[in-house]
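Coordinate analysis (summary)
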Amino acid sequence: MIIYNVTIMNVFFVCTGNACRSPLAACILKKKLEDRGIEASVASAGTLDWGRNPRDEFYVKLSKEKGYTLDGESRFIGDIEACREMDNADLVFIFEEKHRIKVERFLKYVNWDRITLFMEYCYGEKKDLDDPNNGTDALYRNVFGIIEKGCDIILDRIQEVLEPSQSAECQ
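This write-up is about the structure you can find in this document. Just so you know, the residues in each chain are numbered from 1, in the order the chain's sequence is written. In view of the model being predicted, local features appear only for residues whose pLDDT reaches at least 70, and side-chain atom pairs are presented and counted only at 80 or more, with totals across whole chains, interfaces and linings using the full set of residues. For side-chain calculations, the full set of non-hydrogen atoms in the structure is used, while hydrogens and water are omitted.

Here's the deal with the side chain of Ser22
Helix numbers and strand numbers start at the N terminus; a helix is a DSSP run of H or I with at least 4 residues, a strand a run of E with at least 2. Within the fold, Ser22 resides in helix 1 (residues 21–35). Per-residue accessibility, obtained with a 1.4 Å probe over protein chains only, is compared with the maximum for each type, and a residue is labelled buried under 20%, exposed over 50%, and partly exposed between these values. Residue class for Ser22 comes out buried when judged on its relative accessible area of 0%. Here a polar contact is taken to be a pair of N or O atoms separated by no more than 3.5 Å, where protein atoms must pair a possible hydrogen donor with a possible acceptor and residues adjacent in sequence count only if both atoms sit in side chains. One polar contact links Ser22 to Asn18, side chain to side chain, over a distance of 2.8 Å.

A short note on the sheet that holds strand 3 (residues 91–94)
Two strands make a pair as long as DSSP finds a minimum of two bridges between them. With respect to topology, four strands assemble into an open sheet ordered 2-1-3-4, the strand pairing being parallel. Every other strand in the sheet has two partners, leaving strand 2 (40–46) and strand 4 (115–117) as the edge strands with one partner each. Strand-to-strand, the axes of this sheet are offset by a mean angle of 25°, without reference to chain direction. With four bridges connecting them, strand 1 (residues 9–15) and strand 3 associate as parallel partners. Counterpart to Phe12 in the pairing with strand 3 is Val92. To obtain an axis, a line is fitted to C-alpha atoms, over the contacting stretch when the element is a helix, and the angle between two such axes runs from 0 to 180 degrees between their N-to-C directions.

In structure tokens:
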């Protein structure tokens, strides 16, 4: 196992309600980072202030089947803690271009260059990722797969910028 000497990488995901895409991406990326022994801060929030609501039931179940833990409640990007986390993020992923303008309302101007469209960063496609909320099982599963593979791409890119320590192996 390679040990890395870096400052903590901060990643923040934003979707509409913080019930499906952004918390799913956060839970997947957290697990993948932990599995590789990379210390990072990963958080998520939504552009809608609709109170604290549970995570999407379908994704909670599907995540568990795939070995992830999706829990917690939805958060609004305007909450003080979420704003602070977003401002400290090295990468702020949005799932739809319409999220950008809402994120810009809360993110400091000097950090706007950290906002990136998930599909563009991961797949080179400047397009939105469908919101599966209240959609078909097939849509949920398709979006799950896109997010899971996208998190692998994010993880690989994070790992590329990290410097391995001189003691490469750990017992």
